[in-house]
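# Working through the structure, step by step
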Amino acid sequence: SPRRIVRKCAVNEWFFNRLMPGLLHVHPFAYNRPDECHWLNLPAFYFPPAMVIPSVKAWMDEQPDSYDEEAYRTYRLALQVLEWQRPAASHWVLKSPLHLWALDACMNAVPEASFIQTHRRLDEVLPSFSSLAGMLTGIFVDGLEPQSVGSGTLAFTREIFRRSRAARAKTDPARILDIRYSDLVADPIAAVRGIYDRFGYDFTPEFERRLQTFLGERKNVRPSAHRYSLEQFGLDRDAVLEEFEDYHTTYGLV
């Protein structure tokens, strides 16, 4: 029953907080609030960031080329079940940076979807990603060294850029909107209005009031004490900036 499922989700949240006490500082979540949609891939045993663990990477490297497509068929089926349970009035809003790993498979599985890609400096992204990846994977292996997490996330980031660029080169540019993360943070209302204008959604006064209410409530939430650095994970800032200079220049991330 729905109530039983909700209770199980609450228990899972409690379990994760006990297993990883610092997780809420790294990635705030709650059983009764929206979270990233890549969890819909898990029934297909599909979670690419786990590749920072060498044994998992070796296993994923052995999978056939159809692995991504099969995982996203599972993803689409999960969306269809959710739509059947709770039909959306207009459209679904989903979010996960992991779609960049298999963007072409995601686009093929959900051909009616539009995509918004936010862009942020890699010297800010990599330590944050390393911190989260280290915490999530550290419960499955003994003695996970921060330096090995850093090298793993850097390699994963290189590959995700290669794969996403190849996918974007083959798709209709009208399906994708690029937004700088700094612009989204500076003026969220303007950023969302731009998204709605681009893809033809109705940005109503009522919707704008809801956004303002949400943002007003967020102002009262104390930021999490999540601290990290590139050096903590054995990464060099100058080397990162040099490697991803073209990306930073392309999207004005200076």
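### Regarding the nonpolar core
Proteins that are soluble and globular tend to have nonpolar side chains buried together. Judged by nonpolar contacts, the single largest core of 36 residues is most densely connected at Tyr46, Tyr72, Trp101, Leu122, Leu126 and Phe244. Considering each element in turn, this core owes the most residues, six residues, to helix α7 (residues 146–170). Apart from residues no more than four positions distant in its own chain, Leu126 is found in contact with Thr153, Leu154, Thr157, Leu230, Leu235, Val240 and Phe244. Ile179, Ile189, Phe203 and Leu211 belong to the second-largest nonpolar core, a separate cluster that totals 10 residues.

### Notes on empty space enclosed by the protein
All told, the structure shown has one cavity of 30 Å³ or more when counted by the stated rule. Empty space within the largest cavity amounts to approximately 40 Å³. Around the largest cavity sit His38, Asn41, Tyr46, Phe47, Pro48, Tyr72 and Leu98, which together line it. Residue classes in the lining of the largest cavity are distributed as five nonpolar, two polar and no charged.

### Notes on the pairing of strand β1 (residues 115–119)
Side-chain alternation along β1 places Phe115, Gln117 and His119 on a buried face and Ile116 and Thr118 on a face that remains uncovered. Here five bridges tie β1 to strand β2 (residues 176–180), and the two strands are oriented parallel to one another. When the sheet's bridge partners are listed, His119 is paired in β2 with Arg180.

### Let's talk about a positive patch on the surface
Taken together, the side chains of Arg3, Arg4, Arg7 and Lys8 make up a positively charged region of the molecular surface. By relative accessible area, Arg3 is classed as exposed at 70%.

### Re the environment of Lys95
The residue Lys95 is located in the loop between α4 (67–85) and α5 (103–109) in this model. Along the primary structure Lys95 and His38 are separated by 57 residues, whereas in three dimensions their C-alpha atoms are 8.0 Å apart. Apart from residues lying up to four places away in sequence, Lys95 is in contact with Glu36 and Cys37. A distance of 2.4 Å separates a polar atom in the side chain of Lys95 from a polar atom in the side chain of Glu36.

How each quantity is defined
- Residues numbered from 1 in each chain as written.
- Predicted model: local features only at pLDDT ≥ 70, side-chain atom pairs only at ≥ 80, totals over all residues.
- Heavy atoms only, no water.
- Core = buried A, V, L, I, M, F, W, Y, C linked by side-chain atoms within 4.5 Å.
- Buried < 20%, exposed > 50% of the residue type's maximum accessible area, 1.4 Å probe, protein only.
- Helix = DSSP H or I, 4+ residues; strand = E, 2+ residues; numbered from the N terminus.
- Contact = heavy atoms within 4.5 Å.
- 1 Å grid on protein atoms, 1.4 Å probe; cavity = no way out; pocket = protein on both sides within 12 Å on 5 of 7 lines; lining within 4 Å.
- Points joined across faces, edges and corners; volume = space filled by probe spheres on them.
- Nonpolar A, V, L, I, M, F, W, Y, C, P; charged D, E, K, R; others polar.
- Pairing = 2+ DSSP bridges.
- Patch = residues over 30% accessible without salt bridge, like charges linked within 9 Å, V, L, I, M, F, W, Y side chains within 5 Å.
- Areas by Shrake-Rupley, 256 points an atom, 1.4 Å probe, with all protein chains shown as cover.
- Salt bridge = Lys/Arg side-chain N within 4 Å of Asp/Glu carboxyl O.
- Lys, Arg positive; Asp, Glu negative; His and termini not counted.
- Charge placed at Lys NZ, Arg CZ, Asp CG, Glu CD.
- Polar contact = N/O pair within 3.5 Å; in protein donor to acceptor, adjacent residues only side chain to side chain.

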